[in-house]
Amino acid sequence: MNETGTPTGSATGSATGSATGSDGTVDVLTGGDSGAAWLSRYNGALMGVFGTPQRVLVRGSGCHVWDADGNQYLDLLGGIAVNALGHAHPFVTSVISSQLATLGHISNFFTSPTQVALAEKLLALSQAPAGSRVFFTNSGTEALEAAVKLARRNSTAGRSRILALDGAFHGRTMGALALTSKKAYREPFEPLPGGVEHIPFNDIEALLNAVDDTVAALVIEPIQGEAGVRPLSPEYLRAARELTRRHGALLILDEVQTGIARTGRWFAHQAVDGVVPDAMTLAKGLGGGFPIGALITFGEDASSLISAGQHGTTFGGNPVATAAGLATLHALEASDALRHVSEVGAFLRSRLATIEGVTAVRGEGLLIGFDLDGEYAPAAVQAALAAGFIINATGPLTLRLAPPLILTTEQAATFLDALPGILATAKTPAREAIS
Ligand SMILES: *Cc1c(COP(=O)(O)O)cnc(C)c1O
């Protein structure tokens, strides 16, 4: 599969041409500035929840982005597993533009062809049985909020417990945060919605002890992305399916990060035979960079738990977002993305495992985590940026790659060739601090 995108330096052709500058940025509206100047303005205007951003980005094409000072980067994070087709993909861009120029927003008092077609497409790709249904949101955390409400509705005979796993990340709004395990994210905002218990990761014995007839739902990520790309074993997923079914609890799979071809399957759980969830959450890659999420309920029983009037959204599933989703899925299918992702992912993982300083490599397809022989992952992110690569640290020891699914083997190889130097640079200050 070839990387596609608009050619370097082209104006992003608006009808009038007046709102975009020669580098494609909307500089008539923003005014131009240097990276350093933008960051100081950022710190004076934006809420400080993200710290100071690493760079100010002005343009993207395929797997590359450019910053305000003209530096080019190979994007191996893809907006955190979002830019499935890279940046400024011509087909996705043209579908979004023409939908926006035709009908942009309508509210859910009305529907649109793109909304219906995307729901049907997702049900087909997820091989969902008859009676399955889709609810569209604008983000991952909203998909999890809908999932929490679904779990609350599975309340016959006083079921009130919701189980999640140690290390889980399910989002930042209050319901999703209750499912998220990290104390630093949770504690400043307690009390959170009640009834959630965290149980040990990938521990079938602990699962056996926890699941009984008082459990409304078990919510799990097939591969924990934020925790450093940690996969659940196939045995665990099968045990989770069997135990929840036996006890009338819902199995809810959070595939916000692992879904939409990221792992070389449409959805990560499809790697394990017999694991059909009761519900699945999606977001990140679904819109190819445009915000959209979804909750899919599998079968009549799960779908009938939430009835008319019990949930809603103003923006969710609007014509533009669902057109973006349709365009993304179409482009992925047309380019044989599942095979491509598996091949490039296998190449990256096998080469990573041979690099000095890399002690473990995990993941599937193009969701990859690897551990270092010391706590210098954040320094490696900085060294990678300086060398022209965007990567991510999920913790002091662990780096994550979640590049556009159109990444070529040649592009992956440029990173692998640079990585020993990046790690050596990153490790140096750590060594000095120890001695
Ligand atoms: C990113 C993520 C979320 C939250 O999605 P947002 O769009 O950031 O709200 C939820 N679950 C998982 C597994 C994620 O990776």
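Rules used in this analysis
- Residues numbered from 1 in each chain as written.
- Predicted model: local features only at pLDDT ≥ 70, side-chain atom pairs only at ≥ 80, totals over all residues.
- Heavy atoms only, no water.
- Near = heavy atom within 4 Å.
- Polar contact = N/O pair within 3.5 Å; in protein donor to acceptor, adjacent residues only side chain to side chain.
- Areas by Shrake-Rupley, 256 points an atom, 1.4 Å probe, with all protein chains shown as cover.
- Nonpolar A, V, L, I, M, F, W, Y, C, P; charged D, E, K, R; others polar.
- Core = buried A, V, L, I, M, F, W, Y, C linked by side-chain atoms within 4.5 Å.
- Buried < 20%, exposed > 50% of the residue type's maximum accessible area, 1.4 Å probe, protein only.
- Domains from an automatic or database assignment.
- Contact = heavy atoms within 4.5 Å.
- Salt bridge = Lys/Arg side-chain N within 4 Å of Asp/Glu carboxyl O.
- Helix = DSSP H or I, 4+ residues; strand = E, 2+ residues; numbered from the N terminus.
- Axes fitted to C-alpha atoms, helices over the stretch in contact; angles between N-to-C directions.
- Parallel < 35°, antiparallel > 145°, perpendicular 65-115°, else oblique.
- Left-handed = near helix turned anticlockwise from the far one by under 90°.
- UniProt positions renumbered as here; feature names shortened; annotations may be inferred.
- Pairing = 2+ DSSP bridges.

Some remarks on the site of the ligand
Okay, step 1: Taken together, the residues surrounding the ligand are S139, G140, T141, F169, H170, G171, E221, D254, V256, Q257 and K284.
Okay, step 2: G140 places a polar main-chain atom, nitrogen or oxygen, 2.8 Å from an oxygen atom of the ligand.
Okay, step 3: One of the backbone nitrogen or oxygen atoms of F169 is found 3.4 Å away from a nitrogen atom of the ligand.
Okay, step 4: In isolation the ligand exposes 380 Å². Once the protein is present, 82% of that is buried.
Okay, step 5: Taken together, the residues of the shell around the ligand sort by class into two nonpolar, six polar and three charged.

Some thoughts on the nonpolar core
Okay, step 1: Residues L122, L282, F370, L372, L399, L401 and L423 are the most contacted members of the largest nonpolar core, which totals 61 residues.
Okay, step 2: Among the domains, domain 1 (25-81 + 336-434) and domain 2 (94-334) are the pair contributing at least three residues each to this core.
Okay, step 3: Beyond its immediate stretch of four places on either side in the chain, L399 contacts I368, G369, F370, L372, A377, A380, V381, I391, N392, A393 and L423.
Okay, step 4: Residues I220, A239, A249 and V272 belong to the second largest nonpolar core, which totals 21 residues.

Section: the pattern of salt bridges
Okay, step 1: Applying the stated criterion to the full structure yields twelve salt bridges.
Okay, step 2: A salt bridge links E343 to R339, with the nearest nitrogen and oxygen atoms 2.8 Å apart. Here the residue E343 and the residue R339 both occupy positions in helix α13 (residues 337-352), the gap between them amounting to four residues, near one helical turn.
Okay, step 3: Through salt bridges with shared partners, a single ionic network connects R161, E197 and D212.

Topic: the packing of helix α4 (residues 90-102) against helix α12 (residues 319-334)
Think of two packed helices as two axes; the pair is described by the angle between the axes and how far apart they sit.
Okay, step 1: Closest axis-to-axis distance for the α4/α12 pair is 9 Å, and the angle between their directions is 155°. Here α4 lies roughly antiparallel to α12, going by the angle between them. Once α4 is placed against α12, the crossing between them reads as right-handed. When α4 is examined against α12, the residues F91, V92, V95, I96, Q99 and L100 are found in contact with a partner set consisting of P319, V320, A323, A324, A327, T328, H330 and A331.

What to know about the UniProt feature "binding site: pyridoxal 5'-phosphate" (unreviewed entry) in the protein
Okay, step 1: Under the present numbering, the feature "binding site: pyridoxal 5'-phosphate" (unreviewed entry) in UniProt falls on G140, T141, F169, D254, E255, V256, Q257 and T314. Across 175 residues, the annotated set is spatially dispersed, with a maximum C-alpha separation of 25.3 Å.
Okay, step 2: Along the chain, G140 falls in helix α6 (residues 140-153).
Okay, step 3: Aside from chain neighbours lying at most four places away, what touches G140 is V256 and A283.

What to know about the sheet that holds strand β14 (residues 367-372)
Okay, step 1: Within the open sheet, the four strands sit side by side as β13-β14-β17-β16. Their pairing is antiparallel. Two strands in the sheet have a free side with no partner beyond their single neighbour: β13 (358-364) and β16 (392-393).
Okay, step 2: In terms of strand pairing, β13 meets β14 through six bridges, oriented antiparallel. The residue bridging E364 from the neighbouring strand is L367, located in β14.

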